[in-house]
Structures are given as structure tokens and as C-alpha cells.
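# Analysis of the macromolecular model
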Amino acid sequence: NEYKSYLREMEIDEGFDILRPSLKFVNGSCYRILNPCRKADVKVTYAPSDSYCSKKQSIYEDEPNSCSTENKDSNILEWKTQNIASPNCFHKHIVGRNAVVKKRLEKETGVSLHIPRPNENKDYVSVRYNREENLSSVEARIISIVENARKRESPTHFLSIPVSGTEIQTNLEKFRQLCIEKANISEKIIQSSAKLHMTIGALKLFSAAEISAARVALNEFSRQIPHITMNRPLRGRVKGLEIMNDDPSSVRVLYAEMKLSDDSDRLQHLVDQCLEFFVSKNLMNYDYNRQDVKLHCTLINVKWGDLEAIDASQLLNKTWELQDFGGCVLEKLELNEMKTDRKTSKYKNVCDVSLIPDKLPLE
């Protein structure tokens, strides 16, 4: 009875459910209509904006004021589109199974995502947004997803210095025959003379933009080469057989050392500074590269033949016939793909810079 008296006093229909009133939206704000019987008498008034917000500066100057003009008209802000760089091969991680990841990103950041299909070969994700903070939020999440996926992938490219010359090629072919005939080693795991090189470091490049950035970086680093090499040729010699572990009966990698004929550290300084330069450009990191590059040429690697290990005891014996492979001049610093060019039988060359003094760029 008291409740009905209250309704009559407030001129509210007794059949009105106060827990589920009618709603009215005005400029994005929601209002309850407590007296639906007298809609004609309802007059909506607005309090001055200053009554909701203090004119004093926010205590936290780095936090946006919830009552600022920018936030009042959020429902009518202009929608914009921005592309976020993302290699096409990682788009599947942004979409997720049954588009779960994509839907969660859109819901939690208030944006709309357009993700190109794999066959479109587009290295970006389009974001439709109406707030800069929403764009920043989804961009940070997409970058995190891509970086986590990138860590699980194998390197796609590598920096190297090709090692070639008539004497070295002849001796390497001789080494191949000795390994096959006397050490019973599979031909598949022995390096060919066309591919002999010194590796500086590996890169993970998954888009045309990333490959282009690596090209630019290599050309930029080439300006430092005359200073590092003292503008003199790098004459080296490949000799001595070594392994990466301590057990000659269970070897995965066997290599020959590379040393300059003048016993200087110029080559070591060159490869170390090259690696450091690419790391500074965020094109390489030390997670899968040594900080101090080992000057060596891999001759045998069991992974090329899907083997676990070989017994290299006979090759490491001092009586082994071939210990010195010869000398050469190191001519180029290359960026290569982890693929073989069928025409040349060499690794696919993306770009290279000269190490020959008269062909080096001037500072």
C-alpha cells in the first residue's frame, strides 16, 4: 500500500515496473523514463558541463580527463583507417582459429580489423578506428603477436663472406672424395665448393620491406669497411680441421679455420662490427647469433643429410691427408637466402658489397 501511495504521489502508473523502466538515449547518454504515462510532460534538462567536472587540473597529468571535450562527443568522432606493418605469413596468428584472436582484439580495443588473405601477399593489417588510443592499443597487441610468432620461426637469410679460389676449390673436391672413400661419410653432408663461405650471422626477414631494410643496412655498413680493413685486401687461408663439440666420435659440425695471411685482426673486427651494426638496426639479435663471430668455413654438417652425428675421429687425426685447403682473397660481403640457386648451385644472393679496396665506397 505504501508503494502504491508513493506511485500515485509521484504520478507514476501503478502498472509500471520500476526495476525495468523504459529507456531513452540522448547524445549517447541513457536515461530512465519513470513516468511513461506522462511523456508529454517530460522535460529533459542538462546541467552545465562544469557541474560534472572540476576546472582544476587533473592530479594525474598523464591521464586523460574523462570529462574533456574530446570524450563528450566520442560517438560522433571521425572514423579513420591505418595500416600496421605485419608480414603476411603471420596473419594467421592475428586471426586465430575460428577468428577468435581477431574478434577479441576488436572487442577489447574498439576497432575493426581487415586482415588480407594469404594469397593477397599484403604485408599489413588495416585498422578502422575513431580514437588514437584504440589504434595504439591494437597496434601494440599486433606487434606482440607478430614478435612472439617470429621467435618460433627459423632464420630465412644470412650474412656471409664467400670463400673461393682455384686452389681451395680443387682441395675441397679432393677432401670430398677422401671423406666418401676413406671415412665412409655421406656426400650429402659435405659442403660443395660453390657454397663455401664464412657465416657472420642469421636474419629473420619475412616481408619485402624487411628485406629492403637489410639491403639498405648492408650498403650503409659498407662505408665503414675501408676504415676497418685499413683499405688493404683481406688475404686469407683455410686450414686446420676442428669440431664444435669435444667428442670426435659423435660430431655434428666439422669446419676449417680462416686466418689472414698477415695474422692481423682486421677480418675479426670486420665481421664483429658488421653483426653489431645489424643488431643496432633491429635486423638481427643475439638470441640466435654469437656476439663474437667465429672465423670458420663449415665443411660437414649432419643436418644437410638429416643425420644425428658422425664419427670424425679419422678426419681429426694428424695423419689425415688434407689439412690445408689453400689461400684466397676475400672479395665480397653478401646477404643470402637460405636457399640454393639452381642455376649457380650457390646460395641465392640478395645483394652484396665489395671488400676490394679500389671498389669500396668513400666515406
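Bear in mind the structure is a predicted one, so any value in this text is a computation, not a measurement.

### Some words on the packing of aromatic side chains
Considering all chains together, one arrives at five aromatic pairs under this definition. Taking the centre distance of 6.2 Å and the plane angle of 70° together, the rings of Phe277 and Phe278 count as edge-to-face. We note that Phe277, like Phe278, is buried. An aromatic cluster is defined as three or more aromatic residues linked by ring pairs; in this entry it consists of Phe221, Phe277 and Phe278.

### Quick notes on the side chain of Gln191
Topologically, Gln191 is positioned in the loop between helix H6 (166-182) and strand S7 (197-203). Here Gln191 falls in the buried class, since its relative accessible area comes to 5%. Apart from residues lying up to four places away in sequence, Gln191 is in contact with Leu172, Arg176, Leu196, His197, Thr298, Leu299, Trp304 and Tyr347.

### Describing the pattern of salt bridges
Evaluated as defined, the whole model comprises 15 salt bridges. The shortest N-O distance in the salt bridge between Asp262 and Arg232 comes to 3.1 Å. Remark: Arg232 occurs in the loop between helix H8 (225-228) and strand S8 (235-243) and Asp262 occurs in the loop between strand S9 (253-260) and helix H9 (266-280); sequence separation between them is 30 residues. Residue classification places Asp262 among the partly exposed residues on the basis of a relative accessible area of 37%. Arg232 gets classed as partly exposed once you look at its relative accessible area, which sits at 36%. One connected set of salt bridges, linked through shared partners, spans Glu147, Arg150 and Glu210.

### Brief notes about the sheet that holds strand S6 (residues 157-162)
If you walk across this open sheet you meet the four strands as S7-S6-S12-S13, and the pairing is antiparallel. Each having just a single partner strand, S7 and strand S13 (347-354) make up the two edges of the open sheet. Strand after strand, the sheet turns through a mean of 25° between neighbouring axes, direction not considered. Examined bridge by bridge, S6 and S7 share six bridges and lie antiparallel to one another. Among the inter-strand pairings, Leu159 is bridged to a residue of S7, identified as Gly201. Against the sheet, helix H7 (residues 208-221) makes contact with S6, S7, strand S12 (332-340) and S13, and its axis sits at roughly 30° relative to S13, the strand it touches most.

### Here's the deal with the side chain of Arg150
The residue Arg150 is located in helix H5 (residues 132-151) in this model. Residues contacting Arg150, with those up to four places away along its chain left out, are Pro87, Phe90, Lys204, Phe206 and Glu210.

### Considering the nonpolar core
Among the nonpolar cores identified, the biggest contains 62 residues, and Phe175, Leu267 and Phe278 are the most heavily contacted of them. Residue contributions to this core peak at eight residues, all from H9. The residues contacting Phe175, other than those within four sequence positions of it, are Ile190, Leu241, Leu254, Leu299, Ile300, Leu315, Trp320, Leu322 and Phe325. In terms of nonpolar packing, the next biggest core, distinct from the first, is built from 17 residues, Ile84, Ile94, Val127 and Val138 among them.

### With respect to the sheet that holds strand S5 (residues 124-129)
Read across the sheet, three strands follow the order S3-S5-S4 without closing on themselves; strand pairing throughout is antiparallel. A strand with exactly one partner marks an edge of an open sheet, and here the two such strands are strand S3 (80-85) and strand S4 (112-114). Direction aside, the axes of adjacent strands within the sheet are offset by 25° on average. Bridge count for S4 against S5 is three bridges, and the pairing is antiparallel. Within S5, the position partnered with His114 by the bridge is Ser126.

### What to know about the packing of helix H4 (residues 100-109) against H5
Between H4 and H5, the least distance of the axes is 9 Å, while the angle of their chain directions is 150°. Judged by the angle between their axes, H4 and H5 are roughly antiparallel. Crossing angle aside, the handedness with which H4 passes H5 is right-handed. Between H4 and H5, the residues in contact are Val101, Leu105, Glu108 and Thr109 and Asn134, Ser137, Val138, Arg141, Ile142 and Ile145, respectively. When the residues that make up the contact of H4 with H5 are grouped by side-chain class, the tally is five nonpolar, three polar and two charged.

### Thoughts on unusual backbone geometry
Of note in the backbone geometry, Asn98 takes a positive phi value of approximately 55° without being a glycine. Along the polypeptide, Asn98 turns up in the loop between helix H3 (91-95) and H4. Notably, Asp263 is not glycine yet its phi reads approximately 60°, a positive angle. Among the structural elements, Asp263 can be located in the loop between S9 and H9.

### Concerning the confidence of the model for the protein chain
Looking at the protein chain, pLDDT values average 83 and 77% of them are 70 or higher. Scored below 50 in pLDDT, residues 36-74 makes 20 contacts in the model with residues more than four places away or belonging to other chains.

About the criteria used
Residues numbered from 1 in each chain as written. Predicted model: local features only at pLDDT ≥ 70, side-chain atom pairs only at ≥ 80, totals over all residues. Heavy atoms only, no water. Phe/Tyr/Trp six-rings, centres within 6.5 Å; stacked < 30°, edge-to-face > 60°. Buried < 20%, exposed > 50% of the residue type's maximum accessible area, 1.4 Å probe, protein only. Helix = DSSP H or I, 4+ residues; strand = E, 2+ residues; numbered from the N terminus. Contact = heavy atoms within 4.5 Å. Salt bridge = Lys/Arg side-chain N within 4 Å of Asp/Glu carboxyl O. Pairing = 2+ DSSP bridges. Axes fitted to C-alpha atoms, helices over the stretch in contact; angles between N-to-C directions. Core = buried A, V, L, I, M, F, W, Y, C linked by side-chain atoms within 4.5 Å. Parallel < 35°, antiparallel > 145°, perpendicular 65-115°, else oblique. Left-handed = near helix turned anticlockwise from the far one by under 90°. Nonpolar A, V, L, I, M, F, W, Y, C, P; charged D, E, K, R; others polar. pLDDT = per-residue confidence, 0-100.

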